[in-house]
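Topology and contacts: notes
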Amino acid sequence: MTKRPKVLVARRVPAAVIDKLSRHFELDTVPGDTVLTPDELRARLQGKAGAYITGTVRITGELLDACPELRVISTMSVGYNHIDLPACTARRVLVTNTPDVLTETTADFGFALLMATARRMSEGERLLRDGRWESWSWDFLAGADVHGTTLGILGMGRIGQAIARRGHFGFGMKVIYHNRSRLPAETESQLGARYLSKDELLREADHLILVLPYSAASHHCIGAAEIALMKPTATLVNIARGGIVDEDALAAALREHRIAAAGLDVFEGEPRVNPALLTLPNVVLTPHIASATMPTRLAMADLAADNLVAALTGATPPTPLNPEILPLQ
Ligand SMILES: NC(=O)C1=CN([C@@H]2O[C@H](COP(=O)(O)OP(=O)(O)OC[C@H]3O[C@@H](n4cnc5c(N)ncnc54)[C@H](OP(=O)(O)O)[C@@H]3O)[C@@H](O)[C@H]2O)C=CC1
Ligand SMILES: O=C(O)C(=O)[C@@H](O)[C@H](O)[C@H](O)CO
C-alpha cells in the first residue's frame, strides 16, 4: 500500500469531515476546541502535506519556510486575509477557500444586523431585561426606517449582491454601491444598483454595509474622515473584517452622535473587543457569527474537505485561490 499523505486538522471540525479526510490521509487532529499557538502550529505541521484550517489560524511566509513539505492549505472560510497568499504562491503551496456556500446565510445575517441596528433592538432588550421599561412615549426607542431608504454597499461581490437583492426586492430600497471595478450594466440593472465613488456612497447612504475583503488596501478605510462624510442619521454595519474600520474613530463618532448607530459582527482584535465600543448604547455587537447556521457551517466544512482531498489526490479542487500553480507536483 502507498503511504498516505499526512494532514493536520488544526481546529475542531464536524465528524463527517474527519470521516471523509481519514479515507485519504493520515490525520493529526487537535483535542477539543484548542487554538494552537504559532509555535505549536509550526511543530504540528512538520511532515504534513496538507493543513485544514479556519480563519483563526494564521499562515505566514516564515511558517511556510519552516514547513517545507506543506503543499496545500484549505481554509474553512471565504475570507483569506489570515493567509499570506503571495507567500504561498511563491512557494507553490496551493490555497483553497469556501466561497458561495455561505453567501445567502451571511447576507441574511448582514440584513438582520442592519435591521437590529436601525431599529435599536439590542438597546431595547437591554433596557427591558434591566427593568428600565416604564411606559410608552412617542419617541421611546424611535429608530430609523429601513424600507424605502438608501442602502449603501461597500464591496458589491457575492455577499454584497445577495444583500442588495434583499434590500431592492424585499424592502424597496434604493441600492448604491462602490467597488474598485464597476459591475456590468446588466447586473446593476438586475439589482437596481447605482455605482458611486466611495465618497459619494458615504454621503448618500442611509445604511452603509461593509462587505469587502480585508487587505492592506482596505485597512481602516472607514476612519474619522470617512465617517465625517456620512449622514448624522446613518447606520454603519460591518460584517467583513474588523480591521476595515478604525474602531476608536467609530466609537468617538457614535458617542458624539455624528452617526446614529453601528452594527458590528467583526472586530480588529477579536475575540477581544475594543472597550470603547462596549459601553455605547447605540452599537449592536455580535461575535463573528454571520455564517453561523448549522447547514452553512456543514457545507463550508465539507467544501474545505473536498478541496483538500482533490488537491492532494491529483484532481482539480473546486475552489482554489491560486490555481496558477496547478497541477501540483
Ligand atoms: N462576518 C462573517 O462571518 C463573514 C465575513 N465575510 C467577509 O466578507 C468578505 C466578502 O466575501 P464575498 O462577498 O464572498 O467576496 P467577493 O470577493 O465576492 O466580494 C468582495 C467585493 O469587494 C470588492 N472590493 C475588494 N477590495 C475592495 C476595496 N479596497 N474597496 C472597495 N471594494 C473592494 C470587490 O470588488 P473589486 O475587486 O472590484 O473592488 C468585490 O466586489 C470576505 O472577504 C470576508 O472577509 C464573509 C463571510 C462571513
Ligand atoms: O468565511 C469567512 O470569511 C468568515 O469570516 C466566517 O464565515 C467564518 O466564521 C470564519 O472565518 C471561520 O473560518
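Reading guide: rules and limits
- Residues numbered from 1 in each chain as written.
- Chains lettered and ligands numbered in written order.
- Predicted model: local features only at pLDDT ≥ 70, side-chain atom pairs only at ≥ 80, totals over all residues.
- Heavy atoms only, no water.
- UniProt positions renumbered as here; feature names shortened; annotations may be inferred.
- Patch = residues over 30% accessible without salt bridge, like charges linked within 9 Å, V, L, I, M, F, W, Y side chains within 5 Å.
- Areas by Shrake-Rupley, 256 points an atom, 1.4 Å probe, with all protein chains shown as cover.
- Salt bridge = Lys/Arg side-chain N within 4 Å of Asp/Glu carboxyl O.
- Helix = DSSP H or I, 4+ residues; strand = E, 2+ residues; numbered from the N terminus.
- Near = heavy atom within 4 Å.
- Polar contact = N/O pair within 3.5 Å; in protein donor to acceptor, adjacent residues only side chain to side chain.
- Nonpolar A, V, L, I, M, F, W, Y, C, P; charged D, E, K, R; others polar.
- Buried < 20%, exposed > 50% of the residue type's maximum accessible area, 1.4 Å probe, protein only.
- Contact = heavy atoms within 4.5 Å.

Going by the annotation in an unreviewed UniProt entry, the name recorded for the protein chain is Gluconate 2-dehydrogenase, with Pelomonas aquatica given as the source organism. Note on the protein chain: under the UniProt heading Sequence similarities (unreviewed entry), the record states "Belongs to the D-isomer specific 2-hydroxyacid dehydrogenase family."

**A look at a nonpolar patch on the surface**
Residues Leu128, Trp133 and Phe140 make up a contiguous nonpolar surface patch of roughly 330 Å² in combined accessible area. Relative to the elements of secondary structure, Trp133 occurs in the loop between helix H6 (121-129) and strand S6 (150-154).

**So, the site of ligand 1**
Around ligand 1 lies a shell of 23 residues, among which Arg158, Ile159, Arg180, Ser181 and Ile239 are the nearest. A distance of 2.7 Å separates an oxygen atom of ligand 1 from a polar backbone atom of Arg180. Take Asp265: an N or O atom from its side chain is 3.0 Å from a nitrogen atom of ligand 1. For ligand 1, the protein covers 86% of the area, taking 930 Å² as the surface of the free molecule. Counted by class, the shell around ligand 1 contains 11 nonpolar, 8 polar and 4 charged residues.

**Topic: the environment of Glu204**
For Glu204, the location among the structural elements is in helix H9 (residues 198-204). Given a relative accessible area of 31%, Glu204 falls into the partly exposed group. Once residues lying within four places of it in the same chain are set aside, the contact partners of Glu204 are Thr150, Ile176, Arg194, Leu196 and Lys231.

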